[in-house]
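Reading the structure
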Amino acid sequence: MAKFEPVLFARIQKNDSQALAGYRADGGYAALKKALGMAPADVTTMVKDSALRGRGGAGFPCGLKWTFLPKDHPGPIYLAVNADESEPGTFNNRILMEEDPHQLLEGIAIACHAIKSNTAYIYLRYEYGRSYRVLDAAIKECYAAGLLGKNILGTGFNLDVHLHRGAAAYICGEETGLIESLEGKRAWPRIKPPFPAVEGLFRKPTIVNNVETLCCVTHIVYRGVEWFKSMGVPPDPNNPRDPGSYGPKLYCVSGHVNKPTCVELPMGVTARELIDEHAGGVWKGRKAKAVVPGGISMGFLSAAELDTPLDFAGPGKAGCLGLGTAAVVVVDDHTSMVEVLYNCCRFMSHESCGQCTPCREGTSWMTRILERIRTGNGKVEDLDLLMEVAGSMGIIPGTTICGLSDGAAWPVKNAIQKFRGEFEEFIRTGQKLRGPAEALMAAH
Amino acid sequence: MPALSPELKKKIEEVLPKYPNKQAATLPALHLVHDAHRSVSPEAIREIAQILELRPAEVYDTMTFYGFFREPDNPMGKDRVWVCRSISCALRGGEELLAGLCDKWSMHPGETSPDGRVSLEYAECLGVCEGAPCVLVNDECYPNQTVDSVAKLVSK
Ligand SMILES: Cc1cc2nc3c(=O)[nH]c(=O)nc-3n(C[C@H](O)[C@H](O)[C@H](O)COP(=O)(O)O)c2cc1C
Ligand code: SF4
Ligand code: FES
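Residues numbered from 1 in each chain as written. Chains lettered and ligands numbered in written order. Predicted model: local features only at pLDDT ≥ 70, side-chain atom pairs only at ≥ 80, totals over all residues.

Structural notes on the overall build of chain B
- When you go through chain B residue by residue, the secondary structure sums to seven helices and four strands.
- Shown N-terminal to C-terminal, the secondary structure of chain B runs as helices and strands in the order α-α-α-α-β-α-α-β-β-β-α.
- For chain B, the spread of C-alpha atoms along the principal axes amounts to about 45 × 30 × 25 Å.
- By residue count, 47% of the 156 residues in chain B fall in the buried class. (Helix = DSSP H or I, 4+ residues; strand = E, 2+ residues; numbered from the N terminus. Buried ≥ 20, exposed ≤ 12 C-beta atoms within 10 Å, placed from the backbone.)

See the structure below:
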């Protein structure tokens, strides 16, 4: 196989990679020009044919989602760009925005042409101050160069792109939580259907797409469907519902590795290759005990499962929730899974929006049970109790409005199934863990 | 005396055309006021509501959903220091870093130094996990931090 050349990250090492002049010198906005010469439906078909799947976590086929918009709608139709990136372990959207903002803006403009939208909002998490300033400058450059605003590139296409900053809440990444937040309300996810494509932002048809998804759109239009499908994993012939996992992917690797990194590779690299070949191996000469495959919501791979390919189907076959954000977090064999799981549960309990009782109470109870275990007061039966609570919350059992609670349940299910021996021994031998910040945390 | 200066009001009015209705400007308005005042007072909420043609309770409801905004009984210091405690940072000393800063500044997370210089808080994943443990000072993130390096950032 020919050596893989990064595409999404091709420009990030360049000096001044953010500037419009450099972007154009590298062929930038040629894809937009090409797309504007095509009928919107043809652009959608192209994206559909590429089998591009959303990079934000759910992996929904992007072109297919665009076709769910009502036909011949009088407008307005909105594009909401999901730049809330808050899944622990995930940082690829940040690099894309900080280092190559025009690649994203070009993808946004192409998508808006395809879905017949004249207004896009970038919902950007507040913490990404640098992304905000870089994008703000890039948007201004585009208006000045006739790449945004009225009559773009003389084609009669109009588009406004607005930046909207969040306020530090994970739930704003859930697409309908994002919409509610953008509307100026509390970010309470909506009951679906209706899906946003039918009734979304300001009650109008809305497409929500992730930053990396939209950057892929730029390259699909520029390089073609065949290029995109030349890499990745084709559909499983035994599964008629599998659309495959094509294209390049930005994999984040963090935690106990020598060189934490974000690397672009064809879909389907294994966790082991990522850790050993791209992240310098597990730190301090240790071994991996557990690996988060795609943000903590997806659960854990055990050390025996590191050859799992990280395509959309791989992690599920190993009992994880899915590929998620493809953010790999490595936990070494000196670390207690009790502590790791407690950290995951505490996060989810903190971030649950509180609307659904099974999620609000379940995340809180799981955290309290783990608190009890880690302070030496747990019972072995607590592990079954954790499994029972985890099994009762989420979209999968049908008890909650959004997927946060499936993502809260999964690390618990995986940890207790795959590491039960360690939990039992911890409880039986009366071990205690008390982190350094503990006493202080209690005050908060 | 109005809580919002004419300049602040003008800045809020300037974001309105971005949206098809005024309520959508709630978060931008709260950010503008919070940045300038380091908290959002009930009077400010009333004035924001007036501009956005909402009831004050609607603005307050949205504001308090986000743990982000402070009220006048506990205003934000000049610099807000958020220490990440989520998984990738916790695996590389994030909690020790927070504990060290608490110790150094004799503060608990959530508090502001008596001179109003810094507010110390824990944060959830800041999206800079390759630089764990990392710290956000206001909205600028600093990777691979230690107690001493954070102290230097803030003393500048
Ligand atoms: C709790 C929760 C948090 C989410 N956070 C994000 C996020 O930060 N960024 C993102 O793109 N998608 C996030 N998603 C997925 C979105 O709901 C949505 O599927 C995605 O933005 C669609 O874009 P895509 O199809 O281009 O991936 C989240 C989902 C859930 C349930
Ligand atoms: S599942 Fe949890 S986060 Fe999602 S809407 Fe319900 S309470 Fe909120
Ligand atoms: S876990 Fe700390 S920045 Fe992601």
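Things to note about the site of ligand 1
Residues and elements named next belong to chain A.
- Contacts to ligand 1 come from 24 residues, most closely from Gly 54, Gly 56, Gly 173, Asn 210 and Thr 213.
- Put simply, the parts of the chain that give the shell around ligand 1 at least two residues each are strand E5 (206-210) and helix H16 (404-418).
- Formed jointly, the shell around ligand 1 draws a minimum of three residues from each of two domains, domain 1 (20-230) and domain 3 (337-441). (Near = placed C-beta within 6 Å. Domains from an automatic or database assignment.)

Considering the environment of Arg346(A)
- Residue position: Arg346(A) is located in helix H13 (residues 337-351).
- Sequence-wise, Arg346(A) and Leu370(A) are 24 residues apart; in three dimensions their C-alpha atoms are separated by 9.2 Å.

Overview of the sheet that holds strand E1 (residues 78-83) of chain A
All names here are of chain A.
- The strand order across the open sheet built from five strands is E3-E4-E2-E1-E5, with neighbouring strands paired in mixed fashion. Lying at the two open borders of the sheet, with one neighbouring strand each, are strand E3 (149-152) and E5. Neighbour-to-neighbour, the strand axes of this sheet turn through a mean angle of 25 degrees, independent of strand direction.
- The pairing of E3 with strand E4 (residues 157-165) spans two bridges and is classified as antiparallel. Looking across to E4, one finds that Ile 152 is bridged to Phe 157. (Pairing = 2+ DSSP bridges. Axes fitted to C-alpha atoms, helices over the stretch in contact; angles between N-to-C directions.)

Section: the interface of chain A and chain B
- In this assembly, 48 residues from chain A lie in contact with 41 residues from chain B.
- For the side of chain A that touches chain B, the elements supplying multiple residues, two or more each, are helix H7 (129-144), E4, strand E8 (248-255), strand E9 (261-266), strand E12 (327-332), H13 and helix H18 (438-442) of chain A.
- Ranked by residues supplied to the side of chain A that touches chain B, first place goes to H13(A) with five residues.
- Among the residues forming the side of chain A that touches chain B, the class breakdown is 24 nonpolar, 15 polar and nine charged. (Contact = placed C-beta atoms within 7 Å. Nonpolar A, V, L, I, M, F, W, Y, C, P; charged D, E, K, R; others polar.)

With respect to the environment of Pro266(A)
- Residue placement: Pro266(A) occurs in strand E9.
- Distance from Pro266(A) to Leu310(A), taken between C-alpha atoms, is 9.9 Å for residues 44 residues apart in sequence.

Considerations on the domain arrangement of chain A
All names here are of chain A.
- The domain architecture assigned to chain A consists of domain 1 (20-230), domain 2 (245-332) and domain 3 (337-441).
- Measuring from the centre of the C-alpha atoms in domain 1 to the corresponding centre in domain 3 gives 35 Å.
- In this complex, domain 1 contributes nine residues to the contact, which on the side of domain 3 involves eight residues.
- Of the residues contributing to the side of domain 1 that touches domain 3, the split by class is seven nonpolar, one polar and one charged.

Describing helix H2 (residues 26-37) of chain B
Residues and elements named next belong to chain B.
- Between its first and last C-alpha, H2 extends 16 Å over 12 residues, near the 16 Å set by a 1.5 Å rise per residue.
- Within H2, burial applies to Thr 26, Leu 27, Pro 28, Ala 29, Leu 30, Leu 32 and Val 33.
- Downstream of H2 by a residue or two, Arg 38 has a phi angle that is positive, lying close to 70 degrees. (Expected span 1.5 Å × (residues − 1).)

So, the site of ligand 2
All names here are of chain A.
- What surrounds ligand 2 is a group of 14 residues, the closest being Cys 353, Cys 356, Cys 359, Thr 400 and Cys 402.
- Mapped by element, the contributors of at least two residues to the shell around ligand 2 are helix H14 (357-374) and H16.
- Its residues placed into classes, the shell around ligand 2 shows eight nonpolar, five polar and one charged.

Remarks on the pairing of E9(A)
Residue and element names in this part refer to chain A.
- Relative to E9, E8 runs antiparallel, the two being bridged by six bridges. Its bridge partner lying in E9, Leu 250 is registered against Glu 264.
- Hairpin connection from E8 to E9: five residues lie between these consecutive antiparallel strands.

Quick word on H7(A)
Residues and elements named next belong to chain A.
- Taking 1.5 Å per residue as the helical rise, H7 with its 16 residues ought to reach 22 Å, and the 23 Å between its terminal C-alpha atoms agrees with that figure.
- Along H7, the residues that are buried comprise Ser 131, Tyr 132, Leu 135, Ala 138, Ile 139 and Cys 142. Taken around the axis of H7, the buried residues stretch over an arc of 140 degrees, which confines them to a single face. Looking at H7, the residues exposed on the side facing more than 90 degrees away from the buried face are Lys 140 and Ala 144.
- For H7, the elements touching its buried residues are helix H1 (20-25), helix H5 (92-99), helix H6 (101-115), strand E2 (119-124) and E4.
- Among the residues trailing H7, Gly 146 stands out with phi positive, at a value near 75 degrees. (Arc of directions from axis to C-beta.)

Remarks on the confidence of the model for chain A
- Summing up the model confidence of chain A, the mean pLDDT is 96 and the portion of residues at 70 or higher is 97%.
- Ignoring residues within four places in sequence, the model shows residues 439-444 of chain A, a span with pLDDT below 50, making 10 contacts including any to other chains. (pLDDT = per-residue confidence, 0-100.)

Thoughts on the domain arrangement of chain B
- If you check the domain split of chain B, you get domain 1 (6-65) and domain 2 (79-154).
- Spacing between the C-alpha centres of domain 1 of chain B and domain 2 of chain B amounts to 29 Å.

Some words on the sheet that holds E9(A)
- Read across the open sheet, the five strands follow the order E9-E8-E12-E10-E11 (chain A); overall the sheet is mixed. Pairing within the sheet leaves two strands with one partner each, and these edge strands are E9 and strand E11 (301-302) of chain A.

Some points on the packing of helix H15 (residues 381-391) of chain A against H16(A)
Residue and element names in this part refer to chain A.
- Put simply, H15 and H16 touch, their axes get as near as 9 Å, and they point 145 degrees apart. For the element pair H15 and H16, the recorded crossing hand is left-handed. Counting all contacts with H15, which are made through Leu 383, Leu 386, Met 387 and Ala 390, the residues of H16 involved are Ala 409, Val 412, Lys 413 and Ile 416.
- Residues of the contact of H15 with H16, tallied by class, amount to seven nonpolar, no polar and one charged. (Left-handed = near helix turned anticlockwise from the far one by under 90°.)

Points about unusual backbone geometry
Residue and element names in this part refer to chain A.
- With an omega dihedral of 5 degrees, the bond running from Pro 193 to Pro 194 counts as a cis peptide bond.
- One non-glycine residue, Asp 16, lies in positive phi territory at about 60 degrees.
- The exposure class of Asp 16 is exposed, given the 9 C-beta atoms found within 10 Å.
- At Asp 72, a residue that is not glycine, the phi angle is positive and equals roughly 55 degrees.
- By the element assignment, Asp 72 lies in the loop between helix H4 (62-67) and E1.
- The exposed category is assigned to Asp 72, around which 6 C-beta atoms lie within 10 Å.

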